[in-house]
Amino acid sequence: MPQLILHNANIHTLDESRPHATAITIDGDRISAVGDDQIILEAAPSDATTMDMRGSTIVPGLADAHGHMRNFGMMAEMVNLRHAQSYEEVVELVRERSQATPVGQWIQGRGWNQENWSDKSLPTHALLSEAVPNHPVWLVRVDAHAGVANANALRISGIPGSTLNPAGGIVGKDKDQPNGLFLDKAMDLVRSHIPDITVEKSKELLLAAQELCLAVGLTQVHDAGIDGTTLQAYRELVAEGSLKIRVYAMLDRDYFDQTDVSPIQEGLFSCRSVKIVSDGALGSRGAALLAPYSDAPYESGFMLLSRDDFDATVGRALASGFQVNTHAIGDMANRVSLDVVETALRKHGVSDHRSRIEHAQHLHMDDIPRFAKLGVIASIQPTHCTSDMFMADSRLGPQRTPGAYPWRKFLDSGARIVSGSDFPVESNNPLWGLYSALTRQSHDGQPSDGWRPEERLTLYEALRSFTRDAAYASFQEHELGSLSLGMLADLTVLDTDIANEPPQALLEAKVMATVVNGEIVYKNNLTPNL
Ligand SMILES: [Zn+2]
């Protein structure tokens, strides 16, 4: 394959030895030169393809360090409840869908958020069951930590009034009868009755998600929890040559615990980490807190697994060369997750473990320095902060908010942070993530100085968390994360110089091309010779 030379570009390399360049040479899947137009073009072999980038900006390929590919692909098939302003509106959207769905077939919806409704109480099934009696319905909250089922789904799932709360979950009840609401682990009581997704269907959903990710400039996704079916789907996509985005996958704990797996590296797909979910989320008050919620004095959330199970999985993971990536939102969950890793490291003595805490949202001050001390990476989602900041005020209260989304404190303590979006919970657009990291403001600029603005990141820090540190967090920093000689050619081309424009420009910036492994896998309005 002839060399591809991109020139007349504004290249931010994130390589300290050469932070800026105007031309880059791609030879196969790797970068073979980075420099200035004149030198690069003079050295070009006669058969090289040259492309005038007309001043567009190039950054290292952006990675989303925490997303859910298959769920994202499935979003298109589910009823989108994200913008519903009331439970009545949710019910109406589902009723509309039911008219186009064969009787008896499951209808799934996702994205409701009672915090956006005037009545902020969690929904129950009555209204839904009345409007949609002939289809089983399952509607998951925006954070995926709560779901509501209608009467038809309750009947299929066979949930009697005597059902007890499973460990790590709550079955909502009114007068001793299930009211349709299920929190965290209790959601499995309904979910396990929804027909499984096949490998074939999973491939279709992953490819749909891949298109949506390449189009926003993502070159890599850390898929935050996959089951055996999804793993099989990825491997088939690699074998067929249709995986075009780089994927670093975390295995679901259930699958990891039941299977004898070794780290996998096949083409653009790699998998050497296990995802453990230790608590719920703030919105449904499932995040495990050390002290009760400020807006619900008798609730403090709950841990989703026992300390023994937690220790066992982490011990086995570290001993078998797997990275441990633990979902922890509340200060209690973060503390326990750090304790478990600390104990396991003492026992197994793994030096290069790169354990991660996914979300690392609400920390007790004493625990923040433990990340750097233990070598634990904080895997954050900047947009979670800007979507949830006002809710965090009421859930946590003023005493605790200094430990909420404490990005600057992490960096100052010497910890490493990586960024993602948790799509489909949030938009997968990494430029929106950068905007949130820089401003801690909503898209309409609220609050005017940013929410706890002392925790904002600089553009360089934020960009690092989407590139170099994401590469480190997936053991790929020698191959990915900066535009340097010999690195794999993953890059994102933008129409806006994000380094020299105000943060608002990130909201409007367009992706012109996405390059993975030297191949242009997405392009939009790029010069016609491509
Ligand atoms: Zn997630």
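Let us look at the structure shown here. Every value quoted in this text rests on a predicted model; they were computed, and no experiment measured them.

What counts, and where the lines are drawn
Residues numbered from 1 in each chain as written. Predicted model: local features only at pLDDT ≥ 70, side-chain atom pairs only at ≥ 80, totals over all residues. Heavy atoms only, no water. Helix = DSSP H or I, 4+ residues; strand = E, 2+ residues; numbered from the N terminus. Buried < 20%, exposed > 50% of the residue type's maximum accessible area, 1.4 Å probe, protein only. Contact = heavy atoms within 4.5 Å. Areas by Shrake-Rupley, 256 points an atom, 1.4 Å probe, with all protein chains shown as cover. Lys, Arg positive; Asp, Glu negative; His and termini not counted. Charge placed at Lys NZ, Arg CZ, Asp CG, Glu CD. Donors = N, O, S within 2.8 Å, 3.2 Å for Na, K, Ca; no water. Salt bridge = Lys/Arg side-chain N within 4 Å of Asp/Glu carboxyl O. Polar contact = N/O pair within 3.5 Å; in protein donor to acceptor, adjacent residues only side chain to side chain. Pairing = 2+ DSSP bridges. Expected span 1.5 Å × (residues − 1). Arc of directions from axis to C-beta.

## Some thoughts on the overall build of the protein
And step 1. When you go through the protein residue by residue, the secondary structure sums to 18 helices and 25 strands.
And step 2. Projecting the C-alpha coordinates of the protein onto the three principal axes gives extents of approximately 80 × 55 × 50 Å.
And step 3. Counting the 530 residues in the protein, one finds 58% classified as buried.
And step 4. Within the protein, contacts between residues separated by at least 24 positions form 71% of all contacts whose residues are at least 6 apart in sequence.
And step 5. If you sum the accessible surface of the protein, you get close to 20,700 Å²; carbon and sulfur atoms cover 50% of it.
And step 6. Mean positive and mean negative side-chain charge positions of the protein (45 and 68 charges, respectively) differ by 4 Å.

## Thoughts on the coordination of the zinc ion
And step 1. Summarising the metal site, the zinc ion is bound by the protein donors His 66 (NE2), His 68 (NE2) and Asp 422 (OD), whose distances to it range over 2.1 to 2.2 Å.
And step 2. Each donor residue of the zinc ion lies on the same chain, and together they follow the pattern H-x1-H-x353-D. For the pair His 66 and His 68, a shared accessibility class is recorded, and that class is buried.

## Some points on the pattern of salt bridges
And step 1. One pass over the structure, following the stated rule, counts 35 salt bridges.
And step 2. Between Arg 246 and Asp 490 there is a salt bridge, with its nearest N and O atoms 2.7 Å apart. Placement of the pair is Arg 246 in strand S16 (residues 246-252) and Asp 490 in the loop between helix H17 (468-472) and strand S23 (491-494), with a sequence separation of 244 residues.
And step 3. For Arg 356, the salt bridge identified is with Glu 358, shortest N-O distance 2.8 Å. No difference in accessibility class separates Arg 356 from Glu 358, as the two residues are buried.

## Some details on the side chain of Arg 141
And step 1. Along the polypeptide, Arg 141 turns up in strand S11 (residues 137-141).
And step 2. A polar atom in the side chain of Arg 141 sits 3.0 Å from the side chain of Gln 114.
And step 3. Once residues within four sequence positions are removed from consideration, Arg 141 is found in contact with Gly 111, Trp 112, Asn 113, Gln 114, Glu 115, Ala 146, Gly 283 and Ser 284.

## Overview of the sheet that holds S23
And step 1. Read from one edge to the other, the open sheet built from 6 strands follows the order S3-S2-S7-S23-S24-S25, with strand pairing classed as mixed. Each having just a single partner strand, strand S3 (20-21) and strand S25 (519-523) make up the two edges of the open sheet.
And step 2. In this sheet, strand S24 (residues 511-516) lies alongside S23 in antiparallel orientation, the contact comprising 4 bridges. Bridge assignment links Leu 491 to a residue of S24, and that residue is Val 515.

## Considering the environment of Leu 231
And step 1. Positionally, Leu 231 belongs in helix H8 (residues 228-240).
And step 2. Residue Leu 231 is classed as buried on the basis of its relative accessible area, which comes to 4%.
And step 3. In this structure the C-alpha to C-alpha distance between Leu 231 and Ser 202, which are 29 residues apart in sequence, comes to 9.4 Å.

## As for the sheet that holds strand S9 (residues 79-80)
And step 1. Strands sit in the order S9-S10-S11-S12-S14-S13 across an open sheet of 6 strands; the sheet is mixed. Each edge of the open sheet carries a strand with a single partner, namely S9 and strand S13 (169-174).
And step 2. Here S13 runs beside strand S14 (residues 177-184); their pairing, made up of 5 bridges, is antiparallel. Directly across from Gly 169, in S14, lies its bridge partner Asp 184.

## Observations regarding the environment of Asn 8
And step 1. With respect to the helices and strands, the residue Asn 8 is situated in the loop between strand S1 (4-7) and strand S2 (10-12).
And step 2. Residue class for Asn 8 comes out partly exposed when judged on its relative accessible area of 34%.
And step 3. In this structure, the C-alpha to C-alpha distance between Asn 8 and Ile 24, residues 16 residues apart in sequence, is 9.6 Å.
And step 4. With near-sequence residues (within four places) excluded, Asn 8 lies in contact with Thr 22, Asp 37, Asp 52, Met 53, Arg 54, Gly 55 and Ser 56.

## Focus on the environment of Ala 249
And step 1. By the element assignment, Ala 249 lies in strand S16.
And step 2. With relative accessibility at 0%, the residue Ala 249 sits in the buried group.
And step 3. Remark: the alpha-carbon pair of Ala 249 and Tyr 234, spanning 15 residues in sequence, is separated by 9.6 Å.
And step 4. If near-sequence neighbours (up to four positions away) are discounted, Ala 249 is found in contact with Asp 223, Ile 226, Phe 269, Ser 270, Cys 271, Arg 272 and Ser 273.

## Things to note about helix H3 (residues 87-99)
And step 1. The end-to-end C-alpha separation of H3 is 19 Å, in line with the 18 Å expected for 13 residues at 1.5 Å each.
And step 2. The set of residues buried in H3 consists of Tyr 87, Val 90, Val 91, Val 94 and Ser 98. Buried residues of H3 fall within an arc of 95° about the axis and therefore sit on the same side. Exposed residues lying more than 90 degrees from the buried face of H3 are Glu 88 and Gln 99.
And step 3. Residues of H3 that are buried make contact with S9, strand S10 (107-112), helix H4 (126-131), S11 and strand S12 (146-149).

## Some words on the side chain of His 327
And step 1. Examined against the element boundaries, His 327 turns out to sit in strand S19 (residues 323-328).
And step 2. His 327 sits in the buried class, given a relative accessible area of 4%.
And step 3. Among the polar contacts made by the side chain of His 327, one reaches the main-chain carbonyl oxygen of Asp 279 at a distance of 2.9 Å.
And step 4. There is a polar contact of 3.2 Å between the side chain of His 327 and the backbone oxygen of Gly 280.
And step 5. Each residue touching His 327, except ones within four places of it in the same chain, is listed here: His 145, Lys 275, Ile 276, Val 277, Ser 278, Asp 279, Gly 280, Glu 358 and His 359.

## Observations concerning H8
And step 1. Across its 13 residues, H8 extends 18 Å between first and last C-alpha, which sits within 8% of the 18 Å expected from 1.5 Å per residue.
And step 2. Of the positions making up H8, those classed as buried are Thr 230, Leu 231, Ala 233, Tyr 234 and Leu 237. An end-on view of H8 places all buried positions within 160° of arc, on one side of the element.
And step 3. N-cap assignment for H8: the residue whose side-chain oxygen lies 3.3 Å from the backbone N of Thr 229 is Asp 227.
And step 4. Following H8 by one or two positions, Gly 241 has its phi on the positive side, about 75°.

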